[in-house]
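# Secondary and tertiary structure notes
Spelled out from the first residue to the last, the chains are:
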Amino acid sequence: MFGIDFPIFAFTHCRDVAAAVTNAGGLGVLGAVAHTPEQLEVDLKWIADQTKGRPFGVDLLMPRKYVGAEAGGFDSTSLKSMVPNEHRQWLDELLERYGVPELPAAGDEREGRGMAGLRIDPKGMAPLIDVAFHHRVALIASALGSPPRWLVDKAHAKGIPVAALAGRLDHAIAHKEAGADLIIAQGTEGGGHTGEIATMVLVPQVVDAVAPTPVLAAGGIANGRQMAAALALGAEGVWCGSVWLTTHEAETTPVIREKFLAATSADTRRSRSLTGKPARMLRSAWTDAWDEPDAPTPLGMPLQSMLIAEAQRRIHRVAHQPDSTARPLVTYFVGQVVGQMNVPSSARDVVREMVDQCIDAMERMNLALTAEPVPSSAENR
Ligand SMILES: Cc1cc2nc3c(=O)[nH]c(=O)nc-3n(C[C@H](O)[C@H](O)[C@H](O)COP(=O)(O)O)c2cc1C
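Residues numbered from 1 in each chain as written. Predicted model: local features only at pLDDT ≥ 70, side-chain atom pairs only at ≥ 80, totals over all residues. Heavy atoms only, no water.

Bringing the overall build of the protein chain into the picture now. Helix and strand content of the protein chain: 14 helices and eleven strands. C-alpha atoms of the protein chain, sized along the principal axes, occupy 80 × 55 × 40 Å. Considering the protein chain as a whole, with its 381 residues, one finds that 52% of them fall into the buried category. Considering only contacts within the protein chain whose residues lie at least 6 apart along the sequence, 69% involve residues at least 24 apart. A distance of 2 Å separates the average location of the 36 positive side-chain charges in the protein chain from that of its 44 negative side-chain charges. (Helix = DSSP H or I, 4+ residues; strand = E, 2+ residues; numbered from the N terminus. Buried < 20%, exposed > 50% of the residue type's maximum accessible area, 1.4 Å probe, protein only. Contact = heavy atoms within 4.5 Å. Lys, Arg positive; Asp, Glu negative; His and termini not counted. Charge placed at Lys NZ, Arg CZ, Asp CG, Glu CD.)

The subject of this paragraph is the site of the ligand. In the vicinity of the ligand there are 20 residues, among which Asp59, Gly220, Trp239, Gly241 and Ser242 approach most closely. Note that a nitrogen atom of the ligand is positioned 3.3 Å from one of the side-chain N or O atoms of His13. At a separation of 2.8 Å, an oxygen atom of the ligand approaches a polar backbone atom of Gly241. Here the ligand loses 96% of its free accessible area of 590 Å² to cover by the protein chains. Secondary-structure elements contributing two or more residues to the shell around the ligand are β3 (56-61) and β9 (237-240). (Near = heavy atom within 4 Å. Polar contact = N/O pair within 3.5 Å; in protein donor to acceptor, adjacent residues only side chain to side chain. Areas by Shrake-Rupley, 256 points an atom, 1.4 Å probe, with all protein chains shown as cover.)

The two faces of β9 match: Gly237 and Trp239 on one face and Val238 and Cys240 on the other face are all buried. One ladder, built from three bridges, connects strand β1 (residues 8-12) with β9; its direction is parallel. When the sheet's bridge partners are listed, Phe9 is paired in β9 with Trp239. Sheet topology note: the strand β8 (residues 215-218)/β9 ladder contains three bridges and is parallel. Within β9, the position partnered with Ala218 by the bridge is Trp239. (Pairing = 2+ DSSP bridges.)

Turning our eyes to something else, we now look at the side chain of His135. Relative to the elements of secondary structure, His135 occurs in the loop between α5 (122-134) and β4 (139-143). Among all residues touching His135, those that are not within four sequence positions of it are Glu41, Leu44, Lys45 and Phe56.

Taking strand neighbours around the barrel as the criterion, the eight strands line up as β1-β2-β3-β4-β5-β6-β8-β9 in a closed arrangement whose pairing is parallel. Across the sheet, the axes of successive neighbouring strands diverge by a mean angle of 25°, strand direction being ignored. Of the strand pairs in this sheet, β1 and strand β2 (residues 27-31) are connected by four bridges, and their pairing is parallel. Bridge pairing in β2 places Thr12 opposite Leu30. Helix-sheet contacts for helix α2 (residues 37-51) involve β2 and β3, and the interaxial angle to β3 is about 155°. (Axes fitted to C-alpha atoms, helices over the stretch in contact; angles between N-to-C directions.)

This next bit is on the packing of aromatic side chains. Counted under the stated rule, the structure contains six aromatic pairs. Both rings, one in Phe2 and one in Phe9, keep their centres 5.5 Å apart while their planes meet at 75°; by these two values the pair is edge-to-face. Three or more aromatic residues joined by ring pairs make a cluster, and in this case those are Phe2, Phe9, Phe11 and Trp239. (Phe/Tyr/Trp six-rings, centres within 6.5 Å; stacked < 30°, edge-to-face > 60°.)

Following both chains from N to C, one finds helix α1 (residues 15-23) and α2 inclined at 25°, their axes separated by 9 Å at the closest point. When the axes of α1 and α2 are compared, the pair comes out roughly parallel. Handedness of the α1/α2 crossing: right-handed. For the pair α1 and α2, contact is made by Arg15, Asp16, Ala18, Ala19, Thr22 and Asn23 and by Val42, Asp43, Trp46, Ile47, Gln50 and Thr51, respectively. The residue inventory of the contact of α1 with α2, partitioned by class, reads five nonpolar, four polar and three charged. (Parallel < 35°, antiparallel > 145°, perpendicular 65-115°, else oblique. Left-handed = near helix turned anticlockwise from the far one by under 90°. Nonpolar A, V, L, I, M, F, W, Y, C, P; charged D, E, K, R; others polar.)

All right, on to unusual backbone geometry then. Residue Pro212 is reached from Ala211 by a cis peptide bond, and omega for that bond is 5°. Within the secondary structure, Pro212 sits in the loop between α8 (199-210) and β8. In this structure, the amide linkage connecting Met301 to the following residue, Pro302, adopts the cis form with an omega of 5°. Mapped onto the elements, Pro302 comes out in the loop between α11 (285-291) and α12 (303-318). Look at Lys52: it is not a glycine, yet its phi comes out positive at around 50°. Assignment of secondary structure puts Lys52 in the loop between α2 and β3. For Asp323, which is not glycine, the phi dihedral falls at a positive 60°.

As structure tokens, then:
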């Protein structure tokens, strides 16, 4: 379908990771939800230059449900007025508790890593899609809802396959009916927005239900044994997000990286505190605070990201400073595989090791079933 060497798809917000995975024989998919059309143009041109004709894709969030959806979109001024003061006050107090300073008066908007500017309404998305099509992406993926008809038609007219992420069987079936050419079955283990069903349970059900539409397995896959397991479950390949976050190429700040390298698989939480929808992220003082009994209920998407955008910028701006009191608040999307991400490496090495280990695992599985039985110790005697 894509002319790639290995069925390894890399979801990433970082163009360097996308290009590196494509060049290593997989397929890099750039998450464009926080891009402006101008930034996306620059990044896709850069990836195309680096990958010299090899395939890469683009991913967008297309939520079916969000605040303003019924009105067919929204303008940010009217949305801002919907953020309750009670939420703002609670957040201010949280930042004060951790001694997080205000942004400098003439603050650089790009400073720090924020969650603002999620482009999730259809009006904001169309220009991004035009840019993606202009660069002849090999794949367009959508999450949080079925791809809209107009997108499927437009993509198919250009011969571009459409993929859609599903955390539940009914969602996978709806995506197929909406015209998706590839279903990504993502288990709850995964980083980012995620449902409640485990990959091991979800993937075979989705494979059976949408056949002959191909399925990629996502969530909890970061090495070759997990890849072999995904293939054993009936998936045609794997879609990985977390494993790239500790590669040399990744966008993660040194503080996030350090926290990831030290974390165990018990250190993630599914929390609505960053985007308003449940997403898996590193447990930190931030997620704990939102879980406290006196914490306000997170707002819907995209109000929650609007509420917390500046707070996140303030935290990330100072978290790297020695003895920063803001550091415990730092969190970022990551899945349970964070517990096996203990050594930084290059994205290319991740792909190579995954392939080698997958082949070894498959050979071992074959031998386990086909090898001559070893005489038991009783017979040997
Ligand atoms: C940092 C991060 C951000 C993510 N953002 C998105 C996104 O914008 N769109 C999307 O379709 N999936 C997003 N995801 C989910 C990935 O596409 C993927 O399904 C998931 O990471 C797979 O599970 P894994 O983290 O165990 O590899 C994100 C994942 C991570 C780790």
